Amino acid sequence: MLGQYVPLDLSALDFLQIVIGAMTAAIAGFAALLLLSRDHDARMRTLGLALFFLATAVSELDELYMHAGGYALHPWSIALAWPLIVIIGPAILLYVRDMTAAERPPMTPVRFARYAWPVPAGYLIALPFFLRPGEEKLAMLAGGDAPDTIASAVPAILGVLFLVIALASLVLAFRGLLAHMRSLRNLFANIEDKSLNWVRAVLLVLSAAWIWGAASTLWRLDDQVPQWQGPLASILEMGWVFAFAFFGIRQGEIFPARTVPPLAEAAKYTRSALDAQRMDRIAARIENAMREQHLYRNPALSLRQLSDTIRVSQNYISQTLNDRLGRNFFDYVNAWRIADACRRLGEGARVLDVAHETGFNSRSTFNAAFRKHTGTTPSAWRRQPAADWPDGLPRIEASPAE
């Protein structure tokens, strides 16, 4: 991250690393401009991701500036961009929290400071380094003896600060994503475009890369760094920056208007006036809507839509599903879909047609849900329908129109 001073007579691998760094900076800068040019609501929702791209672009441009000899020509500029990189972890956390919040809090100065405080802290830490003469800065970057122990320790301290804050932010982001997944299963029947699974995948790579970077710092102290490590690290960085750009720009709003997650379990149920008889009546109304109106066949079915259809509050439906029927909304609707799919497959229908007709958006999600509820694959069921109907699936008869 912080780099080191290198001469202008670059090797082929150094040149490759510069090219990759320039491409990464271009991707990050372009993605940041796209996100910041959106309408106000979308811009505020993805502000954290835009900050991540801006910090990444600054980091790469600083690296290019160093390789181009900028540090040697203007020693006063050494380390000016380093503290900005510390915001990368908090920026990712901000993005995850804003994307997974049904009611995103406004970006007040106080809230922004909660995520941006590492930057002024980093500049305060780097102050002893900034105040040193240019030749001493160059000598410290080149690994020479430093007369001031505090200033010479600044790069290492900033590196540790970056790593600790970044990894702590990723842990909090992972926790937020897990809670988000639980919330989605209580709200939507299809969640593949709302689950932010791509964020989890990129964060796993990012965590591994940062831990590897910390280990390579210790490796570098032994002067045993392989030449291929720099270009490989640059390729990995370009990969996760591209992934964040590609999926982040395509990611739509997760919670549409009027879709608010039910209250937390303890707060929701302790204040609930539902008794067993009322839950039985609500369960009957839910089943009737599924059986008679085939609501489960709607790929975009949500708890809000079911609430509007049967005229029962979202919280009461959620409590009935969880306490009386033992399932969240996602699993309950999929049980109806798979039951309908079992009937259709037993009649010889094509697997892909059945998946779409019963409310699934893709064959992969259909296959996963089918195996979960029946223990077998749709193709195997189609070839030889099971004699025993799977437990937990409702019986669905063909309607006259079918």
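In what follows, the accompanying structure is described.

Thresholds, definitions, all that
- Residues numbered from 1 in each chain as written.
- Predicted model: local features only at pLDDT ≥ 70, side-chain atom pairs only at ≥ 80, totals over all residues.
- Heavy atoms only, no water.
- Helix = DSSP H or I, 4+ residues; strand = E, 2+ residues; numbered from the N terminus.
- Buried < 20%, exposed > 50% of the residue type's maximum accessible area, 1.4 Å probe, protein only.
- Axes fitted to C-alpha atoms, helices over the stretch in contact; angles between N-to-C directions.
- Left-handed = near helix turned anticlockwise from the far one by under 90°.
- Contact = heavy atoms within 4.5 Å.
- Nonpolar A, V, L, I, M, F, W, Y, C, P; charged D, E, K, R; others polar.
- Expected span 1.5 Å × (residues − 1).

## A word on the environment of I18
For step 1, the next point in the chain: As for its placement among the helices and strands, I18 is situated in helix α1 (residues 12–36).
For step 2, the next point in the chain: Of the residues examined, I18 reaches a relative accessible area of 18% and is grouped as buried.
For step 3, the next point in the chain: The spatial distance from the C-alpha of I18 to the C-alpha of G230 is 9.9 Å, given a sequence separation of 212 residues.

## Structural notes on the packing of helix α13 (residues 276–293) against helix α16 (residues 329–346)
Working note: a packed helix pair is described by the angle between its axes plus the distance between those axes.
For step 1, the next point in the chain: In the contact formed by α13 and α16, the axes pass within 11 Å of each other and the chain directions differ by 35 degrees. The way α13 lies across α16 gives a crossing that is right-handed. Seen from α13, the contacting residues are I286, E287, M290 and R291; seen from α16, they are Y332, V333 and W336.
For step 2, the next point in the chain: Split into classes, the residues belonging to the contact of α13 with α16 amount to five nonpolar, no polar and two charged.

## Focus on unusual backbone geometry
For step 1, the next point in the chain: With a phi angle near 60 degrees, L196 is a residue other than glycine that sits in the positive phi range.
For step 2, the next point in the chain: As for its position among the elements, L196 is in the loop between α9 (149–185) and α10 (197–221).
For step 3, the next point in the chain: Backbone geometry at H294 places phi at a positive 55 degrees, although glycine is not the residue there.
For step 4, the next point in the chain: Within the element layout of this structure, H294 appears in the loop between α13 and α14 (303–310).

## A closer look at helix α5 (residues 88–99)
For step 1, the next point in the chain: Taking 1.5 Å of rise per residue, the 12 residues of α5 would be expected to cover 16 Å, and the 17 Å separating its terminal C-alpha atoms lies within 8% of that figure.
For step 2, the next point in the chain: Of all 12 residues in α5, 11 are buried; the element is thus mostly enclosed.
For step 3, the next point in the chain: What α5 keeps buried is the set I88, G89, P90, A91, I92, L93, L94, Y95, V96, D98 and M99.

## As for the environment of E287
For step 1, the next point in the chain: In this fold, E287 is placed in helix α13.
For step 2, the next point in the chain: Relative accessible area serves as the criterion here: at 35%, E287 is assigned to the partly exposed category.
For step 3, the next point in the chain: Counting along the chain gives 107 residues from E287 to P394, while the straight-line C-alpha distance between them is 9.3 Å.
For step 4, the next point in the chain: Those residues within four positions of E287 in sequence are excluded, and the remaining contacts are Y332 and W336.

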